[in-house]
Amino acid sequence: MMDMNHVKSHLQSVNTGSIETRLIEEFAYAVEDYNKVHLNREFAISAGFRDIIAHGPLTMAYMSKLLMQVFPPEQIKELETDFHLPTYTGDTLTVRCDDIIETENGIRCTLSAINQDGKITTTGIAIIEASRINQRSADI
Amino acid sequence: MLKIGDYPSFSVSIDRTRLRKFLEVIGEDAERFMSREQPVIPPGFLFHIALEDYFDIRNYIDTRRTVATKHVQSFHLPIPIDTRLNVQPMIRSIKERSRWTEIEVYVRYYFSTGDLACEQTTIFLERKVTE
């Protein structure tokens, strides 16, 4: 059995800093998603947003970053995310682990991303598979 | 007209340059990550490689009216970089709501051996046009 409080203490919140247009453009290149809602302000406004929005999976990526502080990526069996609010250019997110429990199949982490206004933009659940947990995470 | 069912499969491979950029964007040490014994694809990355090809599907969807509200990635096996994967997309369900059409896109990624590497489910909401 792993001490979940101890594991959680190593999952430090990730602050994205201001998510600028340049970063969104670089993410678009990295993941090959050039949907104009992420790149063209006029298009984004025509789609009902007030400005360019970041890709939802950018927040997923920050959740991965948080998890990878303890768990190597090959241990992350599943990541489920619900997108509640858009992330606009200039927003700042804090991604955190809200809860972590050990189950018979591994470890379940509840995650959230909160913007600078204190609103939850994204929630997530990550499953770390027991059979993939290696010495590195066991040593934490 | 968008229909439930399978869409044409295609293959993708993970581009090191793009993965490096992905890691840099989120502030990860790309050099250290790439120098691991067997670097694998982190969650959050694979999605858009398929999404690029969702645009075949999205030819039927007005992207100005569509947002993704849920995304699930389930890795059956770790996916090393420089691996070619066969991608099989399908529309699993289309549900008509009063103001939205809810579209569930389900994608499976297979290794060349035929082993299932990853499953992805994404829920898109397409806003209905009102007169």
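Residues numbered from 1 in each chain as written. Chains lettered and ligands numbered in written order. Predicted model: local features only at pLDDT ≥ 70, side-chain atom pairs only at ≥ 80, totals over all residues. Heavy atoms only, no water.

### Notes on the pairing of strand 3 (residues 66–75) of chain B
Strand residues, when the strand is regular, have side chains that alternate between the two faces of the sheet.
Part 1 of the reasoning: Bridge analysis of strand 2 (residues 76–83) of chain A against strand 3 of chain B gives 5 bridges, and the strand direction is antiparallel. Each residue of the ladder has a partner; that of Glu78 of chain A, found in strand 3 of chain B, is Ser74 of chain B.
Part 2 of the reasoning: The pairing of strand 3 of chain B with strand 6 (residues 116–127) of chain B spans 9 bridges and is classified as antiparallel. Paired with Ala68 of chain B across the strands is Phe124 of chain B, a residue of strand 6 of chain B. (Pairing = 2+ DSSP bridges. Helix = DSSP H or I, 4+ residues; strand = E, 2+ residues; numbered from the N terminus.)

### Some details on the pattern of salt bridges
Part 1 of the reasoning: Under the counting rule described, the total for this entry stands at 14 salt bridges over all chains.
Part 2 of the reasoning: When the shortest N-O distance is used, the salt bridge between Arg41 of chain A and Asp51 of chain A registers 3.2 Å. Here Arg41 of chain A, found in helix 3 (residues 41–46), pairs with Asp51 of chain A, found in the loop between helix 3 and helix 4 (56–67); they are 10 residues apart in sequence, far enough to count as distant.
Part 3 of the reasoning: Note that Asp82 of chain A and Lys70 of chain B form a salt bridge whose closest N and O atoms lie 3.0 Å from each other. (Salt bridge = Lys/Arg side-chain N within 4 Å of Asp/Glu carboxyl O.)

### Regarding the nonpolar core
Part 1 of the reasoning: By size, the foremost hydrophobic cluster in this structure holds 66 residues, and its most contacted members are Leu58, Cys109 and Leu111 of chain A together with Leu19, Phe22, Leu46 and Ile79 of chain B.
Part 2 of the reasoning: A per-element tally of this core places helix 4 of chain A first, with 7 residues.
Part 3 of the reasoning: Non-local contacts of Leu46 of chain B, meaning those with residues more than four positions away in its chain, are made with Ile14, Ile41, Gln73, Phe75, Ile79, Leu85, Tyr109, Cys118 and Gln120 of chain B.
Part 4 of the reasoning: Grouped together as the second largest cluster of nonpolar side chains are 7 residues, Val37, Ala44, Ile53 and Tyr88 of chain A included. (Core = buried A, V, L, I, M, F, W, Y, C linked by side-chain atoms within 4.5 Å. Buried < 20%, exposed > 50% of the residue type's maximum accessible area, 1.4 Å probe, protein only. Contact = heavy atoms within 4.5 Å.)

### Describing the packing of aromatic side chains
Part 1 of the reasoning: All told, the structure shown has 2 aromatic pairs over all chains when counted by the stated rule.
Part 2 of the reasoning: Relative to Phe22 of chain B, the ring of Phe27 of chain A has its centre 5.8 Å away and its plane inclined at 35°; by these criteria the two rings are tilted. Of this pair, Phe27 of chain A sits in helix 2 (residues 21–31) while Phe22 of chain B sits in helix 1 (residues 16–25), which puts the two residues in different chains. In terms of burial, Phe27 of chain A and Phe22 of chain B fall into one category: buried.
Part 3 of the reasoning: Ring geometry for Phe22 of chain B versus Phe45 of chain B: centroids 5.0 Å apart, planes at 80°, classification edge-to-face. In this pair, Phe22 of chain B sits in helix 1 while Phe45 of chain B sits in the loop between helix 2 (30–34) and helix 3 (46–58), placing the two residues 23 residues apart along the sequence. For the pair shown, Phe22 of chain B and Phe45 of chain B are each scored as buried.
Part 4 of the reasoning: One aromatic cluster is present, built from ring pairs that chain together Phe27 of chain A together with Phe22 and Phe45 of chain B. (Phe/Tyr/Trp six-rings, centres within 6.5 Å; stacked < 30°, edge-to-face > 60°.)

### Brief notes about the side chain of Ser93 of chain B
Residues and elements named next belong to chain B.
Part 1 of the reasoning: Along the chain, Ser93 falls in strand 4 (residues 84–96).
Part 2 of the reasoning: The class of Ser93 is buried, set by a relative accessible area of 12%.
Part 3 of the reasoning: Residues contacting Ser93, with those up to four places away along its chain left out, are Ile4, Glu102, Ile103 and Glu104.

### With respect to the confidence of the model for chain A
Part 1 of the reasoning: Looking at chain A as a whole, its pLDDT mean stands at 90, while 92% of the residues score no less than 70.
Part 2 of the reasoning: By mean pLDDT, the top-scoring element of chain A is strand 1 (residues 14–18) of chain A (97), and the lowest-scoring one is helix 5 (residues 135–139) of chain A (56). (pLDDT = per-residue confidence, 0-100.)

### Concerning the interface of chain A and chain B
Part 1 of the reasoning: Facing 35 residues of chain A, the contacting portion of chain B comprises 38 residues.
Part 2 of the reasoning: Between chain A and chain B, roughly 3400 Å² of surface is buried when both sides are summed, and carbon and sulfur atoms account for 57% of that area.
Part 3 of the reasoning: A per-residue breakdown of the area chain A buries against chain B is headed by Tyr29, Glu32 and Phe83 of chain A, which together make up 15% of the total.
Part 4 of the reasoning: Our enumeration of links across chain A and chain B arrives at 5 salt bridges.
Part 5 of the reasoning: With a closest N to O distance of 3.9 Å, Lys21 of chain B and Glu26 of chain A form a salt bridge.
Part 6 of the reasoning: Here chain A is connected to chain B by 13 residue pairs in polar contact (both at pLDDT 80 or more).
Part 7 of the reasoning: By residue number, the principal contributor to the side of chain A that touches chain B is strand 2 of chain A, which donates 8 residues. (Buried area = accessible area lost by both parts, 1.4 Å probe. Polar contact = N/O pair within 3.5 Å; in protein donor to acceptor, adjacent residues only side chain to side chain.)

### With respect to helix 1 of chain B
Residue and element names in this part refer to chain B.
Part 1 of the reasoning: Taken as a whole, helix 1 has its buried residues at Arg18, Leu19, Phe22, Leu23 and Val25. Down the axis, helix 1 shows its buried residues gathered within 160° of arc, on one side only.
Part 2 of the reasoning: Gly27 lies just past helix 1 and shows a positive phi near 80°. (Arc of directions from axis to C-beta.)

### Observations regarding the pairing of strand 5 (residues 100–110) of chain B
All names here are of chain B.
Part 1 of the reasoning: Most of strand 5 is tucked away: 9 of the 11 residues are buried.
Part 2 of the reasoning: Sheet topology note: the strand 4/strand 5 ladder contains 10 bridges and is antiparallel. Residue pairing in the sheet places Ile94 in a bridge with Ile103 of strand 5.
Part 3 of the reasoning: Relative to strand 6, strand 5 runs antiparallel, the two being bridged by 11 bridges. Looking at strand 6, one finds that Tyr109 is bridged to Cys118.
Part 4 of the reasoning: Counting the residues between successive antiparallel strands, the hairpin from strand 5 to strand 6 contains 5 residues, one of them, Gly114, with a positive phi of roughly 95°.

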